[in-house]
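This is what each chain is made of:
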Amino acid sequence: MSAFSIVSRYSARMISRQTLPLLWLLSDARNDTRLEAALRSLPRGSGFVFRHYHLDATARRERFEALARLARELGHLVILAGDQDWGADGTYGKTRPVGPGLQLATAHDEAEIRAAAESGADAIFLSPVFPTSSHPGAPTLGIERFHALAQRSPVPVIALGGMTHERARELDWPRWGAIDGLPSTKSA
């Protein structure tokens with residue numbers, strides 16, 4: 001029996017039982033200069049996903065160390081994208097788990113949700129819910145399709161893609177992440 005065919009353990013009733021952060025900040029070249037302020041603006045116990053694919057290996061490691069230190073001082077969970085084991089609280093993306101901790105996957109449709117669940121993901125970033133500045137004009141899930149997919153997931157789902165506080169309320173989904181959608185990460 002596949003993990004996806006197991007009765008979903010994630011529903012509106014389960015939200016209070018889940019221990020994953022409700023709010024997530026994802027790093028990117030676009031928000032790099034504002035990350036320290038963004039981390040300070042997050043509620044204690046939020047999640048931070050360090051991606052920074054735009055940096056070379058040495059600069060990426062240095063930036064990770066600095067941001068991870070700040071995030072931990074502020075009580076946030078630190079997740080690392082990629083194949084490195086730099087002591088993060090978990091990994092992010094479609095790569096195989098690198099070390100202990102949370103395994104956060106990405107998905108855009110039902111097949112990717114199934115694959116993530118079967119590979120042992122602890123949670124899934126499901127995107128794009130709304131239009132994003134990183135992929136202008138790209139198709140989005142929209143509210144109804146997001147809910148339909150999220151409710152079929154056997155693991156917790158984190159909404160991603162064009163998310164802001166206002167859109168999270170519109171989506172009526174408590175767990176979400178943003179790159180540009182938090183006040184301290186928006187371009188000036």
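Preceding this paragraph is the structure being described.
Quick caveat: nothing in here was measured; it's all calculated off a predicted structure.

Points about the overall build of the chain
Of regular secondary structure, the chain possesses five helices and eight strands. The linear arrangement of helices and strands in the chain, starting from the amino end, is β-α-β-α-β-β-β-α-β-α-β-α-β. Taken across its 188 residues, the chain has 48% of its residues classed as buried. Here the contacts in the chain between residues at least 6 apart in sequence split such that 53% fall between residues at least 24 apart.

Some details on the layout of surface pockets
Empty space within the largest pocket amounts to approximately 490 Å³. Thr-132, Ser-134, His-135, Gly-161 and Ile-179 are the residues nearest the centre of the largest pocket, which is lined by 27 residues in total. Sorting the residues of the lining of the largest pocket by element identifies β5 (102-107) and β8 (176-178) as the ones contributing at least two each. Looking at the lining of the largest pocket, its residues break down into eleven nonpolar, eleven polar and five charged.

Considerations on the nonpolar core
Of all hydrophobic cores here, the largest spans 40 residues; its most connected members are Leu-126 and Phe-146. In terms of residue count, helix α2 (residues 57-73) provides more of this core than any other element does, five residues in total. Leave out the neighbours within four places in its chain, and Phe-146 touches Leu-126, Val-129, Leu-141, Val-157, Ala-159, Leu-171 and Trp-173. Within the second largest apolar cluster, 14 residues are counted, among which are Trp-24, Ala-81, Tyr-92 and Leu-102.

Regarding helix α4 (residues 142-152)
Taken as a whole, α4 has its buried residues at Phe-146, His-147, Leu-149 and Ala-150. On its buried face, α4 sits against α3 (110-118), β6 (123-126), β7 (157-159) and α5 (165-171).

So, the packing of aromatic side chains
What describes a pair of aromatic rings is the distance from one ring centre to the other and the angle between the planes of the rings. Taken as a whole and judged by the stated rule, the model has six aromatic pairs. When the ring of Phe-48 is compared with that of Phe-50, the centres are 6.4 Å apart and the planes differ by 65°; the resulting orientation is edge-to-face. For the pair Phe-48 and Phe-50, a shared accessibility class is recorded, and that class is buried.

What about the pairing of strand β1 (residues 23-26)?
For a regular strand, side-chain orientation follows a simple rule: the groups alternate between the two sheet faces. Side chains Leu-23 and Leu-25 of β1 all project onto a buried face; the interleaved residues Trp-24 and Leu-26 project onto the opposite face, where all are buried too. Across three bridges, the pairing between β1 and β8 is parallel. The residue of β8 that forms the bridge with Trp-24 is Gly-177. Both β1 and strand β2 (residues 47-50) contribute to a ladder of three bridges, which runs parallel. Residue pairing across strands places Trp-24 opposite Gly-47, the latter belonging to β2. Regarding topology, helix α1 (residues 35-41) serves as the crossover connection from β1 to the parallel β2, and that connection is right-handed.

About the criteria used
- Residues numbered from 1 in each chain as written.
- Predicted model: local features only at pLDDT ≥ 70, side-chain atom pairs only at ≥ 80, totals over all residues.
- Heavy atoms only, no water.
- Helix = DSSP H or I, 4+ residues; strand = E, 2+ residues; numbered from the N terminus.
- Buried < 20%, exposed > 50% of the residue type's maximum accessible area, 1.4 Å probe, protein only.
- Contact = heavy atoms within 4.5 Å.
- 1 Å grid on protein atoms, 1.4 Å probe; cavity = no way out; pocket = protein on both sides within 12 Å on 5 of 7 lines; lining within 4 Å.
- Points joined across faces, edges and corners; volume = space filled by probe spheres on them.
- Nonpolar A, V, L, I, M, F, W, Y, C, P; charged D, E, K, R; others polar.
- Core = buried A, V, L, I, M, F, W, Y, C linked by side-chain atoms within 4.5 Å.
- Phe/Tyr/Trp six-rings, centres within 6.5 Å; stacked < 30°, edge-to-face > 60°.
- Pairing = 2+ DSSP bridges.
- Right-handed = clockwise from strand over helix to strand, strands pointing away.

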